[in-house]
Structure formats: C-alpha cells, structure tokens
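Architecture at a glance
Single-letter residue listing:
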Amino acid sequence: GLGSAKDGLHHWWMQRISAVLLVPLSLWFVYSVACLMGSDYETVVAWVAAPWVAVALVIYFAALLYHSQLGVQVVIEDYIRKPVSRALLLSANTLITAGLWVAALYAVLAIAS
C-alpha cells in the first residue's frame, strides 16, 4: 500500500497535515492583510515586526511552500514520463521552493529584527 517508492503514505500525511495547518493560517493572513489595506508603510512594518506575527508568518510561509512543493511533486511524478525530465523537474521544484523559503524567511527576519 505504499507504492513503488515505499513513501506514499508519509507524503499523503504531510500533504494533509500541511493543508490542515494552512486553513487557520490562511484565514488569519487574509484577514490581517485586509485589515492593513490602506495602511501606511510604517504600520505594515510595525505589524510584521511584532514577534508573534513574525513567527506566524514564518510558519505560514513554511507550510505554504512545503504544501506547494508536495503538490507539484505529485504532478511531476504522475505526468512526466521521461526519467531525465522528471529528475530535472523534481530538482527544480525543490530548488525553487527552497529559494522562495529563503527569500520569505529573510524578508520576515529583516523586518522583524
């Protein structure tokens, strides 16, 4: 029941856990951004610099990017048949996700510190 890679159940659980985590975090993020609409730059920077907001943003971006990476991985594995193309796309998926994570982390920490 784990598929040929013997990894399917873990992957499935990680997608579900990250999805459940993203529900309240996404609602909080959308609500917060909506409340900040029309605010000046200093207000938004002060909001991001609040310790609990910075932590929540880091967790939100980590869950969002991890969930996205898992989903794109499934699409690549299911629809790309050539082994070399599949390996390159899976590597690109991981590298792009890691790059976005570093950028998000840097942005939050640069403002929060």
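This text goes with the structure placed above it.
Residues numbered from 1 in each chain as written. Predicted model: local features only at pLDDT ≥ 70, side-chain atom pairs only at ≥ 80, totals over all residues. Heavy atoms only, no water.

**Considering the packing of aromatic side chains**
- Applying the stated criterion across every chain yields a total of 7 aromatic pairs.
- For the pair W28 and W52, a centre-to-centre distance of 6.1 Å together with 55° between the ring planes defines the contact as tilted. One end of the pair, W28, is in helix 1 (residues 8–36); the other, W52, is in helix 3 (residues 51–79), with 24 residues separating them in the sequence.
- Measuring from centroid to centroid gives 5.5 Å for Y60 and F61, while their planes differ by 55°, and the two rings are tilted.
- Pairwise contacts between aromatic rings join W28, F29, W47, W52, Y60 and F61 into one cluster. (Phe/Tyr/Trp six-rings, centres within 6.5 Å; stacked < 30°, edge-to-face > 60°. Helix = DSSP H or I, 4+ residues; strand = E, 2+ residues; numbered from the N terminus.)

**Here's the deal with helix 4 (residues 83–112)**
- Between the first and last C-alpha of helix 4 there are 43 Å, a value that for 30 residues agrees with the 44 Å anticipated at 1.5 Å per step.
- Tucked into the core, helix 4 has its buried residues touching helix 2 (41–49) and helix 3. (Expected span 1.5 Å × (residues − 1). Contact = heavy atoms within 4.5 Å.)

**Remarks on a nonpolar patch on the surface**
- Among the surface-exposed residues, L9, W12, W13 and I17 lie close enough to one another that they form a single nonpolar patch of about 420 Å² accessible area.
- Here W12 shows up in helix 1.
- Taking relative accessible area as the criterion, W12 reaches 39% and is therefore assigned partly exposed. (Patch = residues over 30% accessible without salt bridge, like charges linked within 9 Å, V, L, I, M, F, W, Y side chains within 5 Å. Areas by Shrake-Rupley, 256 points an atom, 1.4 Å probe, with all protein chains shown as cover. Salt bridge = Lys/Arg side-chain N within 4 Å of Asp/Glu carboxyl O. Buried < 20%, exposed > 50% of the residue type's maximum accessible area, 1.4 Å probe, protein only.)

**Some remarks on the nonpolar core**
- W28, L36, W47, V48, V53, A54, A56, L57 and V108 together form the largest nonpolar core, which totals 9 residues.
- For this core, the secondary-structure elements that each account for two or more residues are helix 1, helix 2 and helix 3.
- Per-element tally for this core: the top contributor is helix 3, with 4 residues.
- The contact partners of L57, leaving out residues within four places of it in the chain, are W28, F29, W47, V48 and V108. (Core = buried A, V, L, I, M, F, W, Y, C linked by side-chain atoms within 4.5 Å.)

**Let's talk about the environment of A49**
- Relative to the helices and strands, A49 resides in helix 2.
- In contact with A49, other than residues within four places in its own chain, are I111 and A112.

**Some words on the packing of helix 1 against helix 3**
- As a packed pair, helix 1 and helix 3 sit with axes 9 Å apart at the nearest point and diverge in direction by 140°. Classed by the angle they form, the pair helix 1 and helix 3 counts as oblique. Of the two possible hands of crossing, helix 1 and helix 3 adopt the one that is left-handed.
- Class assignment of the residues belonging to the contact of helix 1 with helix 3 gives a composition of 18 nonpolar, 7 polar and no charged. (Axes fitted to C-alpha atoms, helices over the stretch in contact; angles between N-to-C directions. Parallel < 35°, antiparallel > 145°, perpendicular 65-115°, else oblique. Left-handed = near helix turned anticlockwise from the far one by under 90°. Nonpolar A, V, L, I, M, F, W, Y, C, P; charged D, E, K, R; others polar.)

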